[in-house]
Amino acid sequence: MATSTLEKVVLELHEIGVVKFGSFTLKSGMQSPVYFDLRIIVSYPKLLESVSELLWEAKKSSGYQQICGVPYTALPIATVISTKQNLPMLIKRKESKSYGTKKIVEGVFKEGEKCLIIEDVIVSGSSVYETVETLRELNLACEEAVVFLDREQGGSANLAAMGINATSVVNITQVMQILHKHGRINQATVDSCLEFINSNNDTSIVANKKTSTKNGLGATERVSATFEARISTTNHPLARKLLEIMVAKKTNLCIAADVSTTKELITLADNVGPHVCIFKTHIDIISDFSDDTLKQLQGMATKHNFMLMEDRKFGDIGATVANQYSSGVYKIVEWADLVTVHALPGDGVIKGLVSAVNGRSRGCVLVAEMSSQGALTNTDYVKNSSKIAEDHTYFVMGFVAQGSVSDDPRFLLMTPGVQMEVLNDNLGQQYVTPHAAVMDKGADIIIVGRGITKAEDQVDAAVQYKEAAYNAYLERVKQLQ
Ligand SMILES: O=c1ccn([C@@H]2O[C@H](COP(=O)(O)O)[C@@H](O)[C@H]2O)c(=O)[nH]1
């Protein structure tokens, strides 16, 4: 059978090293066994021309007045199409210039003109959407995109939901089939890549972090959006699950279950379980800990639909935390959905934990700032913690802190040091009320320990904290939207 133009192009792309197999971190932080690096086609002008032709063929229409390539890989592709089709092109900068014209979009255009978006590869569609958002703000009509490769991870459906019809030249299944047909890869490689795609096809677009002007808090989407809305702006499966629990149970309360026996732990879980979204443990303070403690605790998590977070505050080098997470008496990775981690050692601590996950659905929360008096977590530390989180969104799903660490709505902010009465203990803990934690500090979730565990009626106390924090969240959203 004759080899089609598309097949020839795919084979050439493979030959020059565009298609890579191994372990690669995608923009979202997801680890992928296959990666397409179309940046290098600028070194192969004929191939660049063929790719550009296939893209134009896939979407050609006389209806566009402009085209715009998503920076940077699609810029040369868009340039080739622009010159061949005599179609004006726009360049969208990643950041607007800080000097001269300070423009974010270069090129001449009129409001209302139709602009075709060109992209090399889509995963979630976020990059296409970022470009469209900017162009739409300038009143350009952006309803069509053409991409060379669709990785079939939800991108075209996500873009359709944003009013963008994305057409692709080829999808990942077809690329695998072509490479296999021509003996470039074996069946095992095809299977492992497609299995990865099938289990990671539920990506979502992370919308721009818009700043609300309606308040004095300098509010961003993280604090102004509802928990429902934030489900669709996070890629982290556990952040989504947690937000779903919070919405279904109408609670943003995490109990700090700092009790010392299995009986107290399980009784507390059964009593306050209906009112919390997270049950946070310090498992090493349980004096009679055994496997049965965990069995019962997991039973409670299922019964009352809450997540388990072990507040281990990992803070060592990667190799050590990998062992601490997976081995020893507690084997934390086997039962805790979430763990807390200090940012102090740098991102090796995250890499170490990730290395022990072994296919489980797990995540971590970075301790960016401590509630205790005299904590050394200063502004720079908080800023650097945010950077670590942004580089590892596949595993980090939020922060423990006393105020906003990042504007990114994907991250959930959990704030400890919360009590109804603003007293301090004698050991450095400092408290704020649930209302102040949510409204003033921007907490998504409040963490409450002794305010509930030491209360005469734990259930009544849990209900009061739950209602105070959830009402404060509703008030915040109402005020900011
Ligand atoms: O900065 C931090 C980080 C974690 N914690 C933990 O939260 C609870 C608070 O308990 P309370 O009884 O409500 O004071 C506790 O488990 C701490 O280990 C924190 O307090 N501050």
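Not measured: the values here are computed from a predicted model.

A. How the structure looks around the side chain of Q402. Summarising the element assignment, Q402 is placed in the loop between β14 (396-400) and β15 (412-415). Here Q402 falls in the buried class, since its relative accessible area comes to 13%. A distance of 3.2 Å separates a polar side-chain atom of Q402 from the backbone oxygen of P416. Look past the residues within four positions of Q402 in its chain and what remains in contact with it is E369, M370, S371, T415, P416 and K441.

B. Region of the structure containing the pattern of salt bridges. Within this structure, the stated rule accounts for 19 salt bridges. E53 is paired through a salt bridge with K84; the nearest N and O atoms lie 3.4 Å apart. One end of the pair, E53, is in helix α2 (residues 45-59); the other, K84, is in helix α3 (residues 74-85), with 31 residues separating them in the sequence. You can call E53 partly exposed: its relative accessible area is 41%. When the shortest N-O distance is used, the salt bridge between D444 and R222 registers 2.9 Å. On the criterion of sequence distance, the pair formed by D444 in the loop between α16 (434-440) and β16 (445-448) and R222 in helix α8 (residues 221-224) is long-range, its members being 222 residues apart.

C. View of the sheet that holds strand β13 (residues 363-367). One closed barrel holds the eight strands; their spatial order is β9-β10-β11-β12-β13-β14-β15-β16, and the pairing between them is parallel. Averaged over all pairs of adjacent strands, the angle between strand axes in this sheet comes to 30°, irrespective of strand direction. Sheet topology places strand β10 (residues 278-281) next to strand β11 (residues 307-314); four bridges connect them, and they run parallel. Within β11, the residue paired with I278 across the bridge is M307. Together, β11, β12 (338-342), β13 and β14 form the strand contacts of helix α14 (residues 348-357), whose direction differs from that of β12 by roughly 155°.

D. Expanded view of the pairing of β13. Of all the five residues making up β13, five are buried; the element is thus mostly covered by neighbouring parts of the structure. Both β12 and β13 contribute to a ladder of five bridges, which runs parallel. Note on β13: the bridge partner recorded for V341 is L366. With four bridges connecting them, β13 and β14 associate as parallel partners. By the bridge assignment for β14, L366 is matched with F399.

E. Quick look at the environment of D120. Position of D120 relative to the elements: it lies in strand β6 (residues 114-122). Judged by its relative accessible area of 9%, D120 falls in the buried class. Through-space distance from the C-alpha of D120 to that of L149 is 6.3 Å; in sequence the pair is 29 residues apart. If sequence neighbours within four positions are ignored, D120 has contacts with L38, T73, A74, I77, V147, F148 and L149.

F. Inspection of the packing of aromatic side chains at higher detail. Enumeration according to the criterion identifies eight aromatic pairs in this entry. One aromatic cluster is present, built from ring pairs that chain together F227, Y470 and Y473.

G. A look at the site of the ligand. With respect to spatial proximity, 17 residues lie near the ligand, and among them D258, K280, S371, Y431 and R450 are the closest. Y431 is positioned with one of its side-chain polar atoms (N or O) 2.7 Å from an oxygen atom of the ligand. Backbone polar atom of G449 to an oxygen atom of the ligand: 2.9 Å apart, as the coordinates give it. For the ligand, whose accessible area on its own is 460 Å², the fraction buried by protein is 91%. Taken together, the residues that form the shell around the ligand break down as seven nonpolar, four polar and six charged.

H. A look at the nonpolar core. Formed by 92 residues in total, the largest nonpolar core has its most connected members in L242, F279, Y325 and M414. A per-element tally of this core places helix α18 (residues 458-480) first, with eight residues. Within the second largest apolar cluster, 44 residues are counted, among which are I41, V51, L55 and V190.

I. Expanded view of the packing of α2 against α3. At a closest axis distance of 9 Å, the pairing of α2 and α3 adopts a crossing angle of 70°. When the axes of α2 and α3 are compared, the pair comes out roughly perpendicular. Together, L48, E49, V51, S52, E53, L55 and W56 of α2 and P76, I77, V80, I81, K84 and Q85 of α3 make up the contact between the two elements. Considering only residue class, the contact of α2 with α3 consists of eight nonpolar, two polar and three charged.

J. View of unusual backbone geometry. Look at the link from P71 to Y72: it is a cis peptide, with omega at -5°. In this structure, Y72 sits in the loop between β3 (66-69) and α3. Positioned with a positive phi, N86 is a non-glycine residue whose angle comes to about 55°. Along the polypeptide, N86 turns up in the loop between α3 and β4 (89-92).

K. Representation of the UniProt feature "binding site: substrate" (unreviewed entry) in the chain. In the numbering used here, UniProt assigns the "binding site: substrate" (unreviewed entry) feature to D258, K280, S371, Q429, G449 and R450. Apart from residues no more than four positions distant in its own chain, G449 is found in contact with I255 and A256. Examined against the element boundaries, R450 turns out to sit in helix α17 (residues 450-453). Here R450 is in contact with Q419, D425, Q429, Y431 and A455, once residues within four sequence places are set aside. A polar contact of 3.0 Å, which involves the side chain of R450, links it to the side chain of D425.

Rules and cut-offs
- Residues numbered from 1 in each chain as written.
- Predicted model: local features only at pLDDT ≥ 70, side-chain atom pairs only at ≥ 80, totals over all residues.
- Heavy atoms only, no water.
- Helix = DSSP H or I, 4+ residues; strand = E, 2+ residues; numbered from the N terminus.
- Buried < 20%, exposed > 50% of the residue type's maximum accessible area, 1.4 Å probe, protein only.
- Polar contact = N/O pair within 3.5 Å; in protein donor to acceptor, adjacent residues only side chain to side chain.
- Contact = heavy atoms within 4.5 Å.
- Salt bridge = Lys/Arg side-chain N within 4 Å of Asp/Glu carboxyl O.
- Pairing = 2+ DSSP bridges.
- Axes fitted to C-alpha atoms, helices over the stretch in contact; angles between N-to-C directions.
- Phe/Tyr/Trp six-rings, centres within 6.5 Å; stacked < 30°, edge-to-face > 60°.
- Near = heavy atom within 4 Å.
- Areas by Shrake-Rupley, 256 points an atom, 1.4 Å probe, with all protein chains shown as cover.
- Nonpolar A, V, L, I, M, F, W, Y, C, P; charged D, E, K, R; others polar.
- Core = buried A, V, L, I, M, F, W, Y, C linked by side-chain atoms within 4.5 Å.
- Parallel < 35°, antiparallel > 145°, perpendicular 65-115°, else oblique.
- UniProt positions renumbered as here; feature names shortened; annotations may be inferred.

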